[in-house]
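# Descriptive analysis of the structure
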Amino acid sequence: MNISSTNQGIVAGLNILVELALEWGANYVARMDADDIAAPDRLVRQISHLEAHSDVSVLGGAVKMFKSGTTLVRPVEFPSSTGMVHFGLFYNCILVHPTIVFRASILSHPRNLRYQDAFRYAEDYAMWLHLVEEGQFKIDNLPNPPVLRLRKHTGNESKVHQDKQKAASRLALKTVLDRLIHIYDPEPWVVATETVDCILTGYEHQTLETITEAFKITEIVEKHLLQQVSVFSPEDKEKITAESMKQLGALASMEMRLSAQSPSSLFCWTRWLSRKPGMQLASLLGQASVASSLTETKQKAASSSEALSGPAVTVICFTKDRAFQMQEYLRTLDDYVIKSSPGVKFDVYIIYKTSTPKFAASYSSLAARFPHFHWISESNFVQHLTDAVKDAAPYILWGVDDVLYYNPTNLLPILESLQADPSILCATLRLSPNVTYCHPSNGYSKLPTFTSLKSFESSSDDIKGFQQELLSFNRTEATEDWNYPFELCATLMNKNLISDVLLSIVNHNGTDGMSHPNKLEVTGSRLFTKQLIQQASLTTCLCVKYPVLSVITVNRVQDVCENRIYNEISLDELEKHYDDKRELDLAYYRSKTFDAVHIGDFVLK
Amino acid sequence: MASPTLKVAVIIPVYNVSEQFLQEALDSILSQDHGDLNFETRIFVHDDGSSLPETAATLKHYQSNNSRYDDQPEMSYLTSIQTHIDSISHLYSITASS
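Residues numbered from 1 in each chain as written. Chains lettered and ligands numbered in written order. Predicted model: local features only at pLDDT ≥ 70, side-chain atom pairs only at ≥ 80, totals over all residues. Heavy atoms only, no water.

### Overview of the sheet that holds strand β10 (residues 345–353) of chain A
All names here are of chain A. Here is the rule: Two strands form a pair only when DSSP identifies at least two bridges running between them. Helical segments are the DSSP runs of H or I of at least four residues, strand segments are the runs of E of at least two, and each set is numbered from the N terminus. Here an axis means a line fitted to C-alpha atoms, over the contact stretch when the element is a helix, while the angle between two N-to-C directions is reported on a 0 to 180 degree scale.
Strands sit in the order β11-β10-β9-β12-β19-β14-β20-β18-β17 across an open sheet of 9 strands; the sheet is mixed. Where the open sheet ends on each side, the last strands, each with one partner, are β11 (374–377) and β17 (451–458). Averaged over all pairs of adjacent strands, the angle between strand axes in this sheet comes to 25°, irrespective of strand direction. Pairing analysis gives 3 bridges linking strand β14 (residues 424–428) to strand β20 (residues 540–544), with the strands arranged parallel. Note that in β20 the partner of C426 across the bridge is C541.

### Section: the packing of helix α12 (residues 323–338) of chain A against helix α13 (residues 357–369) of chain A
Residue and element names in this part refer to chain A. Note the cut-off: Roughly parallel means an angle under 35 degrees; roughly antiparallel, over 145; roughly perpendicular, 65 to 115; everything else is oblique. Handedness of each helix crossing follows the sense of rotation of the near helix against the far helix: counterclockwise by less than a right angle gives left-handed, clockwise gives right-handed. In this description, contact between two residues means that some pair of their heavy atoms is separated by no more than 4.5 Å.
Following both chains from N to C, one finds α12 and α13 inclined at 15°, their axes separated by 10 Å at the closest point. In terms of orientation, α12 and α13 fall into the roughly parallel class. Crossing of α12 over α13 shows right-handed handedness. Touching A323, M326, Q327 and R331 of α12 are S362, Y363, L366 and R369, all from α13.

### Focus on the pairing of strand β21 (residues 549–552) of chain A
All names here are of chain A. For clarity, the threshold we go by: Relative accessibility under 20% of the residue-type maximum defines a buried residue, over 50% an exposed one, and the middle range a partly exposed one, all with a 1.4 Å probe and only protein chains included.
Because side chains alternate across β21, one face comprises the buried residues L549 and V551, and the other comprises S550 and I552, equally buried. Relative to β21, strand β13 (residues 403–405) is paired through 3 bridges, and the arrangement is antiparallel. Bridging across to β21, Y405 finds its partner in L549. With 2 bridges joining them, β21 and strand β22 (residues 598–599) adopt parallel strand pairing. Residue pairing for β22: I552 is matched across the bridge by I599.

### So, the interface of chain A and chain B
What counts is decided by this rule: Buried area is a sum: the accessible area each of two parts loses on coming together, probed at 1.4 Å, counted once for each and added. For salt bridges, the criterion is a side-chain nitrogen of Lys or Arg within 4 Å of an Asp or Glu carboxyl oxygen. The term polar contact refers here to a pair of N or O atoms within 3.5 Å; inside protein, the definition further demands a hydrogen-donor-capable atom paired with an acceptor-capable atom, and it admits residues adjacent in sequence only when both atoms are side-chain atoms. We call Asp, Glu, Lys and Arg charged. Ala, Val, Leu, Ile, Met, Phe, Trp, Tyr, Cys and Pro are nonpolar, and the rest, Gly among them, are polar.
Contact with chain A, which involves 44 residues of that partner, is made by 41 residues of chain B. Across the chain A to chain B interface the summed buried area is about 3,600 Å²; carbon plus sulfur atoms make up 69%. Per-residue buried area on chain A facing chain B is highest for L17(A), L20(A) and W24(A); these three make up 21% of the total on that side. Viewed at the interface, chain B and chain A are joined by 1 salt bridge. A salt bridge links R151(A) to E24(B), with the nearest nitrogen and oxygen atoms 2.6 Å apart. Put simply, chain A and chain B have 13 residue pairs in polar contact (both at pLDDT 80 or more) between them. A per-element tally of the side of chain A that touches chain B places helix α1 (residues 10–24) of chain A first, with 11 residues. Residues that form the side of chain A that touches chain B fall into these classes: 22 nonpolar, 12 polar and 10 charged. Relative to strand β1 (residues 6–14) of chain B, strand β1 (residues 28–31) of chain A runs parallel, the two sharing 4 bridges.

### As for the pattern of salt bridges
Residues and elements named next belong to chain A. Under the criterion given, the structure shown has 25 salt bridges over all chains. Two residues, E328 and R331, come together in a salt bridge whose shortest N-O distance is 2.6 Å. Residue E328 and its partner R331 are located together in helix α12, separated by 3 residues, close to a single helical turn. Residue R331 is classed as buried on the basis of its relative accessible area of 11%. Two residues, K353 and E378, come together in a salt bridge whose shortest N-O distance is 3.8 Å. Of this pair, K353 sits in strand β10 while E378 sits in the loop between β11 and α14 (381–391), and the two are 25 residues apart along the sequence. What makes K353 partly exposed here is its relative accessible area of 34%.

Pasting the structure below:
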């Protein structure tokens, strides 16, 4: 429907229709557009919901987009809890107008609510904002399935119309925000149009000024909603607070990216920190993030001072109930990475967890064997992790107990390549072009094309002059293991990048998103694949041409994600190997060329 | 005892919509499931002066094929309101048979 060229105008038309509905004696008014198709149960679902929830006055629903003559484009679902709808409306029109059903009573005396011509092209958005501001009525959205199929027109809506709609939405939101600021801020100000645009576009074209203003506005909106006691249940209020914290956290981290100042002088950051219960976490991550937002000059200065003292790597690894595998990991890490990287300073953090005193005793004896590593018995994973990241050297090498190194790797040339090119996301030691099968997903990978960066030699006590080649590839050309950017078993990554990922996880999923090594990896990877973080644009990764390690997947201890495993070897059996001081047969692994990172071969010497 | 019949007004603003699109939209409302819920539906359309002839033709067709004997007072209301709005806009009332 080409609204822009109608005669009397959409607003007048809608108000006439509303009069007709009232005159007829309607209990409910359902909106619809003439080119949409209602689901057969649209009315019965929406009316039943309203009949069952007498406190809800306005109800939207999910939609499916479709093009004439073709299949659906995609389902669109907006938040469905009252708190989220009310809060969300201050950031976007999250109700699809043609899906709305409302009680006719909201139109009658004394309110006489009508569509307003001043907000033509966004008259619906203005109406819902008005209701949310007033705080007398509840607005909900029905979750999927969709109540309406929304016809997607190609090129039907002119650019002119879209611009008018944008301007009207901006005006509607600005009008309400200005009123609220006047009520809540002892020194009222008028919202900048740029800030309103920035909010409505999900913080596009952000500047320090718009971010600061958006932060203040979010706090005011939260305050305003939370004092509407009659509208929200305690659960709604919790959701509002949580959503507000998420927004504030995101704004604080944007502020930090935009500013080179120290965090203590940043408005949003200090405000956010003063509210955040997990303050320590926030401040730790914050300091790291600030470092990543330094100017290029500062980065160069930092790397040149680094050059004087030699590069440094912190290994952070996770283990649970598997002293034998941890022993094999640490032994081979020491022999084939640490001792093979002359000139590189290493620090190793081990976050370990045990479920029985027997396992705990084994870890104690293992710790005695590697006393120069930091052994951290896991009680608060998030805290340990952030402490380790905070203390870490500029580069972090992740590790897990089922990794077995069997060929020497000198990290120095790899670190030099990472330092030289900040557009490289990471260097993964677990991948080499022989890896074509992905065991966790039981599928074959599409491999990227490789560019050889440099050749180098690595040596260990038992292997001299192992010829290696460093390859670069574009992960987005590939699939499975080859496009799994936040991988925690043997990846070398810049610490600032990791801090940014952790901060984004907190912003998007709360600390729960990183409460466990598995979750950390899965949530972190999701941020990349869903492009929720800036760093998702980094697509170049490094790997080695000849394999240096395998992941021996013979049982499942970090069982959040139900990873696939090969023939199971029980924890007790592994424990017995530990007690018997057995070792894996590295010569066996070295003699093979595996087509997968995760293997089931378990061969003792 | 049966609960009182709920009245659901579906309001649709219209401007230059093809016959096919209009049919699909109106039919999707006229053929709604009712489940156990006791409600009657009436569609109110405001055509804001479409220049496309098939828009008005389709709406007129639907109105005359979907009205009931008790629509008469309402139709007169429609007419009276019609005189207050500009001459090229048109209002339609389409009743779903329940």
